[in-house]
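The primary structure of each chain is shown beneath.
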2 protein chains.
Amino acid sequence: MKKLYLSVLLTAAAFGSITPAHADDHNGDYAMAIHGGAGTITRANLTAEQEQAYKDKLTEALEAGRKVLKEGGDSTTAVIAAIQVMEASPLFNSGKGAVYTWNGEHELDASLMEGLNQNAGAVAGVKTVKSPIELARKVMEESVHVMLSGEGAEQFSRQQGLEQLDNSYFNTEHRYQQLQKAKETINKSEQAEQQAWEYLDLDYKYGTVGAVAVDKNGLLSAGTSTGGMTAKRYGRIGDSPIIGAGTWADNESCAVSATGHGEYFIRFHVAADICSRVKHQGLSVSEAGDEVIHGVLEQAGGTGGVIIIDADGNIAMPFNTEGMYRGYFKGQGKAEIAIYNEDE
Amino acid sequence: MKKLYLSVLLTAAAFGSITPAHADDHNGDYAMAIHGGAGTITRANLTAEQEQAYKDKLTEALEAGRKVLKEGGDSTTAVIAAIQVMEASPLFNSGKGAVYTWNGEHELDASLMEGLNQNAGAVAGVKTVKSPIELARKVMEESVHVMLSGEGAEQFSRQQGLEQLDNSYFNTEHRYQQLQKAKETINKSEQAEQQAWEYLDLDYKYGTVGAVAVDKNGLLSAGTSTGGMTAKRYGRIGDSPIIGAGTWADNESCAVSATGHGEYFIRFHVAADICSRVKHQGLSVSEAGDEVIHGVLEQAGGTGGVIIIDADGNIAMPFNTEGMYRGYFKGQGKAEIAIYNEDE
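Quick caveat: nothing in here was measured; it's all calculated off a predicted structure.

How each quantity is defined
Residues numbered from 1 in each chain as written. Chains lettered and ligands numbered in written order. Predicted model: local features only at pLDDT ≥ 70, side-chain atom pairs only at ≥ 80, totals over all residues. Heavy atoms only, no water. Salt bridge = Lys/Arg side-chain N within 4 Å of Asp/Glu carboxyl O. Helix = DSSP H or I, 4+ residues; strand = E, 2+ residues; numbered from the N terminus. Buried < 20%, exposed > 50% of the residue type's maximum accessible area, 1.4 Å probe, protein only. Pairing = 2+ DSSP bridges. Axes fitted to C-alpha atoms, helices over the stretch in contact; angles between N-to-C directions. Contact = heavy atoms within 4.5 Å. Expected span 1.5 Å × (residues − 1). 1 Å grid on protein atoms, 1.4 Å probe; cavity = no way out; pocket = protein on both sides within 12 Å on 5 of 7 lines; lining within 4 Å. Points joined across faces, edges and corners; volume = space filled by probe spheres on them. Nonpolar A, V, L, I, M, F, W, Y, C, P; charged D, E, K, R; others polar. Core = buried A, V, L, I, M, F, W, Y, C linked by side-chain atoms within 4.5 Å. Parallel < 35°, antiparallel > 145°, perpendicular 65-115°, else oblique. Left-handed = near helix turned anticlockwise from the far one by under 90°.

## Quick word on the pattern of salt bridges
Residue and element names in this part refer to chain B.
Reasoning step 1: Enumeration over the complete set of coordinates arrives at 28 salt bridges over all chains.
Reasoning step 2: Notably, a salt bridge pairs Glu-105 with Lys-127, separated by 3.0 Å at the nearest N-O pair. Residue Glu-105 is found in the loop between helix H3 (75–87) and strand E2 (108–114), and its partner Lys-127 is found in the loop between strand E3 (120–126) and helix H4 (132–142); the two are separated by 22 residues along the sequence.
Reasoning step 3: Residue classification places Glu-105 among the partly exposed positions, given a relative accessible area of 30%.
Reasoning step 4: The partly exposed category is assigned to Lys-127, whose relative accessible area is 27%.
Reasoning step 5: Across the salt bridge formed by Glu-291 and Arg-277, the nearest N and O atoms sit 2.6 Å from each other. One end of the pair, Glu-291, is in helix H10 (residues 285–300); the other, Arg-277, is in helix H9 (residues 270–281), with 14 residues separating them in the sequence.

So, in structure tokens, the structure goes:
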């Protein structure tokens, strides 16, 4: 059953029916953008085979989302369909490809938000849930809460009948080697741990996946799913499960999913701030994205990127790293995929 | 050691020195506002003795903050001093007076943010930390992360040498009775659990404490500490530890601490949105607070309140419940305390 806040009913009654903001003048076009993480992604770092593998998987994710939207499905279902393709692939730091924590486990985070009533769901630190983004939807729709964490979130997941598995499902050799290298760098550093962190290759921090979409009814939705930061400790929670930091959707402005150095994205509430500028200053999604990613975030030393979409299907994908796995389509248009900075 | 992001150093170098925004024209006045929770707080619900006890404790908290500010201490230290008075009191749903979870334990959350560089620290779901707001400061200053959770956060707390104690320290008869009543209401409800939650007395949801301050140097700071929601399950995380939802500070706009039905405060990123309106629309803290609390939040059916302060010491304390324990002072002015709606 959908979460039916009394207030939503009252609001809906006041406006006559439950319709998205701007739905009246929505042209019926649907569109979607996705990302698979930002970081030091250069041609030198990827073989031709690796590059093709990423492009193929990003295309598959987009087409999974397009299938939903084309058939009249809602943007939330489309966002989840696209993210689940990436969660199931070892290429990305989410689901199957999740990085290792300091203790050699995997702790996954995800969040989801709808632009109509700003309903949202998020989970942090789950270890046995195959698709964290699916659990985020269950939290949004089947619980009275917005954010669940740890064992409690897993208990809720079992009650909802979602697929559970052993934490070892997320083991991959590639990520294990990354953990060893990260621990070595941190342990041998003569400077404070935080200094070591600053100089760690960005690949150890990034790789989150996300999707944003507008459906035929003009409803915006955004979702983000991640394995967090390699070698993370102390139950660290990054920006991905934080509504406003890693994910945001508001039909009066835009929908955003972020990837990057999460601590900065929390401190500057990146996703929500982009939409605030669209809403309160009348900026386009492109202008607002540039101001926050190349302005605010860059001045603070934060690195990463976002995908942004508005109810008219305008899309922006700004980032300030060397690359961001990304792609989009509008309606039945070609799925456009890009990886490097110069691909802009 | 203070967290020294390379970026902060670069930014500081670019501007000549590390000074708060607006510091040049700051008049040297200091000010502070605090809250001890919002909800169905009416004259009929409080005895004269209870009312006096709250007033005395709020005054004590304000004076603890004033002592720091008067002697030239920073606003973060003042915010923590005020919050720790309330954390140590059984009157409020934070620290000693924390409510019970569904399982009969106590899980505490807190967050802290500084307006200069938007540094922030937060902890969620800690069970053995005497002062969660103190731990939030350690996360901000001594870790590379912004948000830590659960056992990992407690491990970090032990490493930092903070006072730990058994979870039973937080046991109080008053809160235990509240848990029994809440579970009874939820269990006997013939409607869905979420419906029961909607009709539960607001007192089971609220009671968070918080403080905002500006110091002699014009630095803004905000902090929030809570025991969460009575009978909460599944590792629920509310708005209090979410930077942007329950706590926000930005010297270019304002500092905010929130209390209320946390799920709504997350979905509408209440604390950050108030400051966004000050920053991007040029509203006063009073106008921005009213728009969000009496406009956005109320239309969505969300209840609660916030305390807001800007670098000039302007203070607003809007709420849409029957009462909010609150108080403020400016410089050496009288500590003003209020509880009910009509006390405005």
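## Digging into the sheet that holds strand E1 (residues 31–39) of chain B
Residue and element names in this part refer to chain B.
Reasoning step 1: Strands sit in the order E4-E3-E2-E6-E5-E1-E11-E12 across an open sheet of 8 strands; the sheet is mixed. Edge positions in the sheet fall to strand E4 (147–149) and strand E12 (336–340), since each has one partner strand and no second. Taking each pair of neighbouring strands and ignoring which way they run, the sheet shows an average axis angle of 10°.
Reasoning step 2: For E1 and strand E5 (residues 209–214), the ladder comprises 5 bridges, and the chain directions are antiparallel. Within E5, the residue paired with Met-32 across the bridge is Ala-213.

## Observations regarding the environment of Glu134(B)
Residue and element names in this part refer to chain B.
Reasoning step 1: Topologically, Glu-134 is positioned in helix H4.
Reasoning step 2: On the basis of relative accessible area, Glu-134 is assigned to the partly exposed category, the value being 31%.
Reasoning step 3: Glu-134 sits 11 residues away from Val-123 along the chain, and the two C-alpha atoms are 10.0 Å apart.
Reasoning step 4: Discounting chain neighbours no more than four positions away, the residues touching Glu-134 are Gln-84 and Leu-162.

## Side note on the sheet that holds strand E2 (residues 108–114) of chain A
Residue and element names in this part refer to chain A.
Reasoning step 1: Strand order in this open sheet of 8 strands is E4-E3-E2-E6-E5-E1-E11-E12, and the pairing throughout is mixed. With partners counted over all chains shown, the strands left at the sheet margins are strand E4 (147–149) and strand E12 (336–340), one partner each. The sheet shows a mean angle of 10° between the axes of neighbouring strands, direction not considered.
Reasoning step 2: Pairing analysis gives 6 bridges linking strand E5 (residues 209–214) to strand E6 (residues 220–226), with the strands arranged antiparallel. Across the sheet, the residue bridging to Gly-210 is Thr-224, located in E6.
Reasoning step 3: Across the sheet, helix H3 (residues 75–87) touches strand E1 (31–39), E2, E5 and E6, and the angle it forms with E5 is around 155°.

## Describing H9(B)
Reasoning step 1: Spanning 12 residues, H9(B) covers 16 Å between terminal C-alpha atoms, matching the ideal 16 Å at 1.5 Å per step.
Reasoning step 2: Counting buried positions over the 12 residues of H9(B) gives 10, a clear majority of the element.
Reasoning step 3: Among the residues of H9(B), Val270(B), Ala271(B), Ala272(B), Asp273(B), Ile274(B), Cys275(B), Ser276(B), Arg277(B), Val278(B) and His280(B) are the ones counted as buried.
Reasoning step 4: Buried residues along H9(B) sit against helix H9 (270–281) of chain A together with strand E7 (247–249), strand E8 (255–260), helix H8 (262–267), H10 and strand E9 (304–309) of chain B.
Reasoning step 5: Gly282(B) occupies a position one or two residues after H9(B) and carries a positive phi of about 75°.

## Side note on helix H5 (residues 150–159) of chain B
Residues and elements named next belong to chain B.
Reasoning step 1: Gly-150, Gly-152, Ala-153, Glu-154, Phe-156 and Ser-157 are the residues of H5 that are buried.
Reasoning step 2: Buried residues along H5 sit against E3, H4 and E4.
Reasoning step 3: The first or second residue beyond H5 is Gly-161, which carries a positive phi of 80°.

## Looking at unusual backbone geometry
Residue and element names in this part refer to chain B.
Reasoning step 1: Its identity as a non-glycine residue notwithstanding, Gln-118 has a phi of 55°, on the positive side.
Reasoning step 2: One can find Gln-118 in the loop between E2 and E3.
Reasoning step 3: Since its relative accessible area comes to 7%, Gln-118 is described here as buried.
Reasoning step 4: Positive phi, close to 60°, is recorded for Tyr-234, a residue that is not glycine.
Reasoning step 5: One can find Tyr-234 in the loop between strand E6 (220–226) and E7.

## Structural notes on the layout of surface pockets
Reasoning step 1: The volume enclosed by the largest pocket comes to roughly 1,100 Å³.
Reasoning step 2: Around the largest pocket, the lining comprises 42 residues; the ones closest to its centre are Ser149(A), Gly150(A), Glu151(A), Gly150(B) and Glu151(B).
Reasoning step 3: Where the lining of the largest pocket is concerned, the elements lending two or more residues are strand E3 (120–126) and helix H5 (150–159) of chain A together with E3 and H5 of chain B.
Reasoning step 4: Partitioning the lining of the largest pocket into residue classes produces 8 nonpolar, 16 polar and 18 charged.

## Looking at the nonpolar core
Reasoning step 1: In terms of nonpolar packing, the biggest core is built from 97 residues, with Val270(A), Ile274(A), Val306(A), Val270(B), Ile274(B) and Val306(B) touching the most fellow members.
Reasoning step 2: Look past the residues within four positions of Val306(B) in its chain and what remains in contact with it is Val256(B), Ser257(B), Ala258(B), Phe265(B), Val270(B), Ile274(B), Ile293(B), Ala316(B), Met317(B), Pro318(B) and Met324(B).

## Digging into empty space enclosed by the protein
Gaps between atoms show up when a probe of the same size as a water molecule is rolled over them.
Residue and element names in this part refer to chain B.
Reasoning step 1: In the structure shown here, the tally under the stated rule is 4 cavities of 30 Å³ or more.
Reasoning step 2: What lines the second largest cavity is a set of 12 residues, and nearest its centre among them are Thr-208, Gly-228, Arg-236, Asp-239 and Ser-240.
Reasoning step 3: Considered class by class, the residues forming the lining of the second largest cavity number 1 nonpolar, 7 polar and 4 charged.

## Some thoughts on the packing of H9(B) against H10(B)
Residues and elements named next belong to chain B.
Reasoning step 1: Orientation of H9 relative to H10, taken along the N-to-C sense of each, is 135°, at an axis distance of 9 Å. Classified by the angle between their axes, H9 and H10 sit oblique to one another. Of the two possible hands of crossing, H9 and H10 adopt the one that is right-handed. Two secondary-structure elements touch here, H9 through Val-270, Asp-273, Ile-274, Arg-277, Val-278 and Gln-281 and H10 through Val-285, Ala-288, Gly-289, Glu-291, Val-292, Ile-293, Val-296 and Leu-297.
Reasoning step 2: Of the residues that constitute the contact of H9 with H10, the class distribution is 9 nonpolar, 2 polar and 3 charged.

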